[in-house]
Amino acid sequence: MTFESLGLPEPVTRALADAGYDAPTTVQTAAIPPAIAGADLMVAAATGSGKTASFMLPALRRILAARGDATKRREKGSVYGPRVLVLTPTRELAIQIAKAAETYGRHVPGLRVATVVGGVPYGAQLKALRGPLDILISTPGRLLDHLQTGKAELGHVEMLVLDEADRMLDMGFIDDIRTIADHVPATRQTLMYSATFVGNVGHLARSLLRDPQKVEVASHTDTHANIEQRLHWADNSAHKNALLDHILTQRELEQALVFTSTQRDADWLADRLADMGHHVASLHGGHPQGRRNRVLQGLRDGRLKILVATDVAARGIDVRTISHVINYGLPMKPEDYVHRIGRTGRAGVNGLAITLAERMDSGMIRRIQQFTTQSMPVTTIAGLEPKVQAPKMHAPSSRPPGHAPRRGDARRPFEHRGNDAPAHAGARGNPFDRALPARDERRAPAWEERRAPARPGPSSFKPRGKPAQRPRPGGFSR
Ligand code: AMP
């Protein structure tokens with residue numbers, strides 16, 4: 001299969017050749033032809049599958065087609081807003097998608113891509129929204145702010161993409177998404193990407209999409225063949241630290257992403273590792289955007305070897321040289337485990353996902369194994385073996401027929417959830433919209449940011465040499 005045979009125009013296929021892509025990935029092969037044909041899509045694809053290109057390439061084709069269409073010509077001086085709107089849960093992911101748009105659209109003449117995300121000043125964003133614009137990539141909250149002040153024009157959007165819709169709903173953005181969708185013409189094409197389409201995500205899909213085609217190329221039960229999973233049992237936190245210290249000094253470790261459960265732990269652990277001489281920084285939602293950008297740049301250009309992060313902050317990180325993902329603190333939800341380990345093994349290279357667990361974590365380990373339907377092989381390190389006997393773990397299995405599924409059980413992405421309500425909904429009946437958190441709470445990006453307010457402290461990220469160039473999230477990226 002070639003990109004040309006999927007119906008992509010020459011400027012796009014040339015950019016893909018420049019990027020070194022030989023052939024489309026499975027999700028690209030499955031989603032691009034129907035997307036080009038104009039269909040609405042519900043796509044269940046795992047992170048790392050090449051899903052960004054699966055919507056961005058048809059989007060660029062649409063923009064090129066509009067350039068040659070006299071009926072879509074734009075008058076100078078008028079504000080039209082974007083032709084393509086991508087909504088995404090986090091700032092990092094938005095910036096990542098904008099980069100992909102620039103890479104794939106580098107031969108599209110005069111392509112205008114802008115990001116509108118929270119945590120950065122309004123000025124450059126306002127300028128971008130008023131100027132000529134092809135693709136707008138935005139987090140829902142900030143875009144809604146601009147809509148409410150009349151600064152954002154969405155009346156000419158032809159394609160709406162909801163990326164990581166399940167995560168946007170987890171973050172409480174459902175009302176914002178609906179309001180934004182109401183401002184986009186009903187004639188639009190809508191592409192929705194999510195790890196799951198059960199519960200509220202399915203409800204949202206049914207209300208926003210017209211006669212959608214379903215594309216399912218990967219699910220949370222996939223084997224992650226190129227990611228080796230390991231589980232180390234620790235007797236206590238001192239033992240856990242010793243295991244971590246040993247793993248971080250292994251020669252095969254290129255770059256490591258270490259997950260903690262709270263912002264406080266992320267700062268504490270980064271400080272501890274910095275004291276030991278590691279090139280390390282922490283990344284979480286309590287940091288200002290400028291710092292977050294610099295940290296990510298430090299990771300990309302290799303000045304940082306270790307990043308200690310919380311779940312939300314690490315979303316969208318796409319760095320091929322991350323060889324190790326280490327779960328120092330366990331996630332709150334099994335889905336997050338899948339997102340975490342997907343930060344390694346990017347674009348076909350091998351990765352190692354190591355979980356450090358204490359006895360009290362055994363319930364979550366069980367839930368994760370049940371969710372992924374895979375077991376994490378227990379591993380020990382010579383000289384650092386646990387002294388306490390490891391908890392008994394049964395091989396993950398599907399529940400026997402006739403049993404109602406429990407939250408966290410492995411399910412097909414489009415399977416109806418019935419009374420097994422999603423995490424943020426009521427337990428019985430139609431849970432849609434019922435148990436949404438209060439408005440103030442919704443603005444808090446994630447559970448961890450509420451549970452552990454950031455401790456102001458010294459930044460452990462000290463860029464060396466030439467300061468890293470700052471991406472410009474608010475302005476034109478081209
Ligand atoms: P995504 O799932 O969109 O986050 O993409 C995962 C990674 O795969 C990114 O680093 C992309 O640059 C890379 N990628 C996407 N499509 C292809 C392709 N057809 N061939 C090789 N790499 C790709």
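Keep in mind that what you see is a predicted model, and the values were worked out from it rather than measured. (Residues numbered from 1 in each chain as written. Predicted model: local features only at pLDDT ≥ 70, side-chain atom pairs only at ≥ 80, totals over all residues.)

Trainee: Before we move on, can you summarise the sheet that holds strand β7 (residues 213–216) with the specific residues and values?
Mentor: Each strand in a sheet pairs with another by means of backbone hydrogen bonds, the pair being arranged parallel or else antiparallel. Read from one edge to the other, the open sheet built from seven strands follows the order β3-β4-β2-β5-β6-β1-β7, with strand pairing classed as parallel. Of all strands in the sheet, those bounded by a partner on one side alone are β3 (113–116) and β7. Averaged over all adjacent pairs, the angle separating strand axes in this sheet is 15°, with direction ignored. Pairing between strand β1 (residues 41–44) and strand β6 (residues 189–193): three bridges, direction parallel. Counterpart to Leu-41 in the pairing with β6 is Leu-191. Each of β1, β6 and β7 is contacted by helix α2 (residues 26–36), which is oriented at about 175° to β1, the strand it contacts most. (Pairing = 2+ DSSP bridges. Helix = DSSP H or I, 4+ residues; strand = E, 2+ residues; numbered from the N terminus. Axes fitted to C-alpha atoms, helices over the stretch in contact; angles between N-to-C directions. Contact = placed C-beta atoms within 7 Å.)

Trainee: So what's going on with the confidence of the model for the protein? Residues and values would help.
Mentor: For the protein, per-residue confidence averages 81 on the pLDDT scale, and 80% of positions sit at 70 or higher. Confidence drops under a pLDDT of 50 for residues 398–411, and excluding neighbours within four residues, the segment shows 18 contacts in the predicted structure. Every residue in residues 416–478 scores below 50 in pLDDT, and together they form 124 contacts with partners more than four places removed in sequence or on other chains. (pLDDT = per-residue confidence, 0-100.)

Trainee: I'd like a rundown of the packing of α2 against helix α3 (residues 51–67), residues and numbers included.
Mentor: Running from N to C, α2 and α3 cross one another at 25°; their axes reach a closest spacing of 9 Å. In terms of their interaxial angle, α2 and α3 are classed as roughly parallel. Considering only the axes of α2 and α3, their crossing is right-handed. Here Val-27, Gln-28, Ala-31, Ile-32, Ala-35 and Ile-36 of α2 come into contact with α3, specifically with Lys-51, Ala-53, Ser-54, Phe-55, Leu-57, Pro-58 and Arg-61. (Parallel < 35°, antiparallel > 145°, perpendicular 65-115°, else oblique. Left-handed = near helix turned anticlockwise from the far one by under 90°.)

Trainee: Summarise the environment of Pro-212; cite the residues concerned and give the values.
Mentor: Mapped onto the elements, Pro-212 comes out in the loop between α9 (200–208) and β7. Residue Pro-212 is classed as partly exposed on the basis of its C-beta count, with 19 C-beta atoms lying within 10 Å. As a C-alpha pair, Pro-212 and Ala-39 span 173 residues in sequence and 6.6 Å in three-dimensional space. In contact with Pro-212, other than residues within four places in its own chain, are Asp-40, Leu-41, Met-42 and Ala-205. (Buried ≥ 20, exposed ≤ 12 C-beta atoms within 10 Å, placed from the backbone.)

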